[in-house]
Structures are given as structure tokens and as C-alpha cells.
Amino acid sequence: QVQLQESGPGLVKPSGTLSLSCAVSGDSISRGNCWGWVRQPPGQGLEWIGDVCHTGTTTYNPSLMSRVTISVDRSKNQFSLTLSSMTAADTAIYYCARSPGWYRIDYWGQGTQVTVSS
Amino acid sequence: QPALTQPPSASGSPGQSVTISCTGTSSDVGTYNLVSWYQQHPGGAPKLLISEVNKRPSGVPDRFSGSKSGNTASLTVSGLQAEDEADYYCSSKAGSNGYVFGTGTTVTVL
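Quick look at the structure, then. Computed from a prediction, not measured in an experiment: that's the story for all the values here. (Residues numbered from 1 in each chain as written. Chains lettered and ligands numbered in written order. Predicted model: local features only at pLDDT ≥ 70, side-chain atom pairs only at ≥ 80, totals over all residues. Heavy atoms only, no water.)

1. Here we look at the packing of aromatic side chains
- Using the criterion set out here, one finds 7 aromatic pairs over all chains in the structure.
- Look at Tyr38(B) and Phe101(B): their rings are 6.1 Å apart centre to centre, the planes differ by 55°, and that puts the pair in the tilted class. With Tyr38(B) in strand S3 (residues 35-40) and Phe101(B) in strand S8 (residues 99-101), this residue pair connects regions lying 63 residues apart in the sequence.
- Judged by its relative accessible area of 3%, Phe101(B) is buried.
- Here a set of aromatic residues connected by ring pairs shows up, and it is made of Tyr95(A), Trp108(A), Tyr38(B) and Phe101(B).
- Above the plane of the ring of Tyr32(B) lies Lys93(B), whose end atom (NZ or CZ) is 5.0 Å from the centre. (Phe/Tyr/Trp six-rings, centres within 6.5 Å; stacked < 30°, edge-to-face > 60°. Helix = DSSP H or I, 4+ residues; strand = E, 2+ residues; numbered from the N terminus. Buried < 20%, exposed > 50% of the residue type's maximum accessible area, 1.4 Å probe, protein only. Lys NZ or Arg CZ within 6 Å of the ring centre and 35° of its normal.)

The structure is reproduced here in C-alpha cells:
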């Protein structure tokens, strides 16, 4: 059974940088999947942030591209999200997720709340 | 890329059917048969219901079905049950820009 677990700070200061990690169990991030992040602001819909595939290729949401980096740590079987220049608009639940291809997401983490506030 | 357009809400009585639309453009839904649908209960993570327009993952009841015509995809929930009350989101490949999600639809079982 594949499981994903997000970890990171729940509070980030305005203009600060968010760093989240996602630990993967039940699968290897080096196999043929893509690993990514989706967020959901309070009371709003889902927004795709980006992903990194087993080939090392990264794809980002154009609206966030200038601020986002997604990377993998194969030794720890986890991947990470870095989002810089945070504002209140970045307050959201952040989910890590697995895509086995065909633009579908079949496994999701439970989500972690991130609040931007001084 | 702008979000795909879904109706904010939909409803039906137990046993009835409800259909949710998801309208995009020729740059996403209209070009790619890579539309997925997700169900999200309050406080929970999304769950994959449909991929590639009309394919159900193992374990998803056949009450859930998907289709597409032109720039609009649809999800039909037949034989509505109380547990189907949730938010539903579509998504599509968005050219070279990854994914785009829909605006979301809240389904209420009357």
C-alpha cells in the first residue's frame, strides 16, 4: 500500500520561504512515476503546483514557476517543495501526490496546513 | 492557465442521477483524453474516481461514469447515495503546462 506523508512548518512569515517534504512508503520514487504537489486555499478549489518525474524532469504551474522548486532525495525516498516569497495568498492545505502517468493522481498525502502570517 | 469551469453545486435525491460538467478549451479538455475526476469529502484528501475520461480505478463503483464531448467533460453519478455527498473536481492535461483543475462542484444528496 502506497502512503505519502507531508512534513514541514505550519507557519511561514510573509516574504519567507516554505519548505515541505513528502515521505513515500510502499513505492520507490526512482520507479516510473511522477511525484508532485497540489494545494487548496481555505474554502477554495485545488491548484496544481508542479511535479518531478522519475526521469528527473520537472514541470511547474506557470503562475508559480518563478517561485517554486520540486526536488527528490532518492536516499530518503522522499521529495520536497520549496516556495519562495510567500504571501497570505499562499495560505493553503498542501498535498503531496503520486501520478503513475496519464495525468491522473492515484495517491495523495493527508495534507498539511500552511499559514502565512507574521 | 485558467481553471476549468464547473457548476458550483448539483443535487439529487437518493437513487437519482446527477451529472457534473467540466468545461475547458481546445488547449486542454478539447485536445486531450486525459480528464480525471476526484471526490473530496470535508476534511479529507481527494480520491481518484475517473481517469482518461472514462476509466474507473479498481474499487470505484460503476455508479460513477465519465464522458467527453468537445471541450466539455462530464461526470455522472447514478443511483445517488448519501455517501456521494462531497466536492467533485475535474482535471485535465494542460498542454506543456502540466495539469489544470476544475473549479469544483458540491454535490448534495437531498
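Structure shown, so let's carry the discussion forward.
2. A short note on the state of the cysteines
Residue and element names in this part refer to chain A.
- A full pass over the atoms with the stated rule returns 3 disulfides over all chains.
- Sulfur-sulfur distance for the disulfide between cysteine 22 and cysteine 96 comes to 2.1 Å. What sets the handedness of the cysteine 22 and cysteine 96 disulfide is the S-S torsion sign, and at about 60° it is right-handed. Of this pair, cysteine 22 sits in strand S3 (residues 18-25) while cysteine 96 sits in strand S9 (residues 92-99), and the two are 74 residues apart along the sequence. Both residues of the pair, cysteine 22 and cysteine 96, belong to the buried class.
- The residue that forms a disulfide with cysteine 34 is cysteine 53, at a sulfur-sulfur distance of 1.9 Å. Linking cysteine 34 and cysteine 53, the disulfide has an S-S dihedral of approximately 95° and is accordingly described as right-handed. Highlighted residues: cysteine 34 in strand S4 (residues 34-40) and cysteine 53 in strand S5 (residues 47-53), separated in sequence by 19 residues.
- By relative accessible area, cysteine 34 is classed as buried at 16%.
- Counting only the cysteines that form disulfides, in the order they appear in chain A, gives the pairing 1-4, 2-3. (Disulfide = S-S within 2.5 Å.)

3. Focus: the sheet that holds strand S6 (residues 72-77) of chain B
Residues and elements named next belong to chain B.
- The sheet built from 3 strands is open, its strands ordered S2-S6-S5 with antiparallel pairing. Each of the sheet's edge strands pairs with one partner strand only, and the pair in question is strand S2 (18-23) and strand S5 (64-69). Taken over all neighbouring pairs, the strand axes of this sheet differ in orientation by 20° on average, direction set aside.
- Examined bridge by bridge, S5 and S6 share 6 bridges and lie antiparallel to one another. Bridged to lysine 68 within S6 is alanine 73. (Pairing = 2+ DSSP bridges. Axes fitted to C-alpha atoms, helices over the stretch in contact; angles between N-to-C directions.)

4. Considerations on the nonpolar core
- Leu18(A), Trp37(A), Leu81(A) and Tyr94(A) are the most contacted members of the largest nonpolar core, which has 25 residues in total.
- Looking at this core, the elements that each hand over two or more residues are S3, S4, S5, strand S7 (68-73), strand S8 (78-83), S9 and strand S11 (112-116) of chain A.
- Ranked by residues supplied to this core, first place goes to S3(A) with 4 residues.
- One finds Cys22(B), Leu49(B), Val60(B) and Val77(B) within the second-largest nonpolar core, a separate group that totals 24 residues. (Core = buried A, V, L, I, M, F, W, Y, C linked by side-chain atoms within 4.5 Å.)

Any link to function would need more than the numbers given here.
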